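# Chains, contacts and geometry: an overview
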Amino acid sequence: MIHARLRQSVALATGALLAACLSFAAPASASTLTTAKAQAQAQAQTPLVVNARWAGHPTYDRIVIDLQGSGPAVTVTPVPQLVYDGSGKPVPLPGKYFLEIRLHPAAAHNDAGQNVYQGPKLQKINLSKLKGIALTGDYEGYVTFGAAFDTLPYYRAFPLHSPERFVVDIAH
């Protein structure tokens, strides 16, 4: 028992010493260049959100978010109300039920800060289920939309490719 603990302690101490030595072995300029290069690549590869559109179909309403670049991770979450990111101010859309659609990493602006999003920022809609949509945020790698409904939305969400886009279908 004592020998096992001694061996474990020696192994942990050796590993810590080795890790410390390796961190001093790499020159600081190399790690700085690697970090800067990785950040530049991440910014260059950030998908751009360029449009949001919608349509009514016989059995469902559809929201489509058009993208340039690879498709980001997307979450669709029921929320009690829609608010603008940053300010927390309520979004003035009619409805009793709301979905938040959040894309990350993504941007609705280019590296120069110019808006690339051409869709509506706030739009009331009169489809069977969908009553409104709003761009509620474009900040620090997150682009957020809100969708409003009069009745509880039953939905499915999925990406489509060539061209890249994200779809939310809301059943009637």
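In this text, all values refer to a predicted model and were calculated from it rather than measured experimentally.

What counts, and where the lines are drawn
- Residues numbered from 1 in each chain as written.
- Predicted model: local features only at pLDDT ≥ 70, side-chain atom pairs only at ≥ 80, totals over all residues.
- Heavy atoms only, no water.
- Helix = DSSP H or I, 4+ residues; strand = E, 2+ residues; numbered from the N terminus.
- Buried < 20%, exposed > 50% of the residue type's maximum accessible area, 1.4 Å probe, protein only.
- Contact = heavy atoms within 4.5 Å.
- Areas by Shrake-Rupley, 256 points an atom, 1.4 Å probe, with all protein chains shown as cover.
- Core = buried A, V, L, I, M, F, W, Y, C linked by side-chain atoms within 4.5 Å.
- Pairing = 2+ DSSP bridges.
- Axes fitted to C-alpha atoms, helices over the stretch in contact; angles between N-to-C directions.
- pLDDT = per-residue confidence, 0-100.
- Salt bridge = Lys/Arg side-chain N within 4 Å of Asp/Glu carboxyl O.

### So, the overall build of the chain
Assigned secondary structure in the chain consists of two helices and nine strands. Beginning at the N terminus, the succession of helices and strands in the chain can be written as α-α-β-β-β-β-β-β-β-β-β. The burial tally for the chain puts 30% of its 172 residues in the buried class. When contacts within the chain are restricted to residue pairs at least 6 apart in sequence, long-range pairs at least 24 apart make up 61% of them. With the model as given, the accessible surface of the chain reaches about 10,600 Å², and the carbon-plus-sulfur share is 60%.

### Quick notes on the nonpolar core
Residues Val-49, Ile-63, Ile-65, Ile-101, Leu-103 and Phe-145 are the most contacted members of the largest nonpolar core, which totals 23 residues. Of all the elements in the fold, those that place two or more residues in this core are β1 (48-56), β2 (60-68), β4 (97-104), β6 (130-139), β7 (142-149) and β9 (165-171). Ranked by the residues each element gives to this core, the list is headed by β7, at four residues. Setting aside chain neighbours within four positions, we find Leu-103 in contact with Val-49, Ile-65, Leu-67, Pro-72, Ala-73, Val-74, Gly-141, Tyr-142, Val-143 and Phe-145. Residues Leu-93, Phe-98, Ala-134 and Ala-148 belong to the second largest nonpolar core, which totals six residues.

### Examining the sheet that holds β9
Pairing within the open sheet is antiparallel, and its four strands lie in the order β1-β2-β9-β8. The open sheet is flanked by β1 and β8 (155-160), the only strands paired with a single partner. Across the sheet, the mean angle from the axis of one strand to that of its neighbour is 15°, orientation sign disregarded. Across eight bridges, the pairing between β1 and β2 is antiparallel. Pairing of Arg-53 across the sheet is with Val-64, part of β2.

### Some remarks on the sheet that holds β6
Here five strands make up an open sheet; going across it, the order is β3-β4-β7-β6-β5 and the pairing antiparallel. At either end of the open sheet lies a strand with only one pairing partner, and these are β3 (73-79) and β5 (122-124). Between one strand and the next, the sheet's axes are offset by a mean angle of 15°, whatever the strand orientation. Inspection of the sheet shows β6 paired to β7 by eight bridges, in the antiparallel sense. Bridging across to β7, Ala-134 finds its partner in Gly-146.

### What about the confidence of the model for the chain?
Any segment with low pLDDT has predicted coordinates that should not be analysed in fine detail. With 74% of its residues at a pLDDT of at least 70, the chain reaches an overall mean of 84. Between residues 1-7, whose pLDDT stays under 50, and residues either more than four places distant or in other chains, the model counts zero contacts. In the model, residues 9-34 has pLDDT below 50 throughout and makes zero contacts with residues more than four positions away in sequence or in other chains.

### Considering the pattern of salt bridges
Within this structure, the stated rule accounts for five salt bridges. Residue Asp-169 is joined to Arg-156 by a salt bridge in which the shortest nitrogen-to-oxygen separation is 3.5 Å. With Asp-169 in strand β9 and Arg-156 in strand β8, this pair connects stretches of sequence that are 13 residues apart. It is possible to trace a salt-bridge network through shared partners that takes in Arg-62, Arg-156 and Asp-169.

### Looking at the side chain of Asp-169
A residue is classified by how much of its surface remains accessible, and Asp-169, at 5% relative accessible area, is buried. Dropping the residues within four chain positions of it, Asp-169 is found in contact with Tyr-60, Asp-61, Arg-62, Tyr-154, Tyr-155, Arg-156 and Phe-158.

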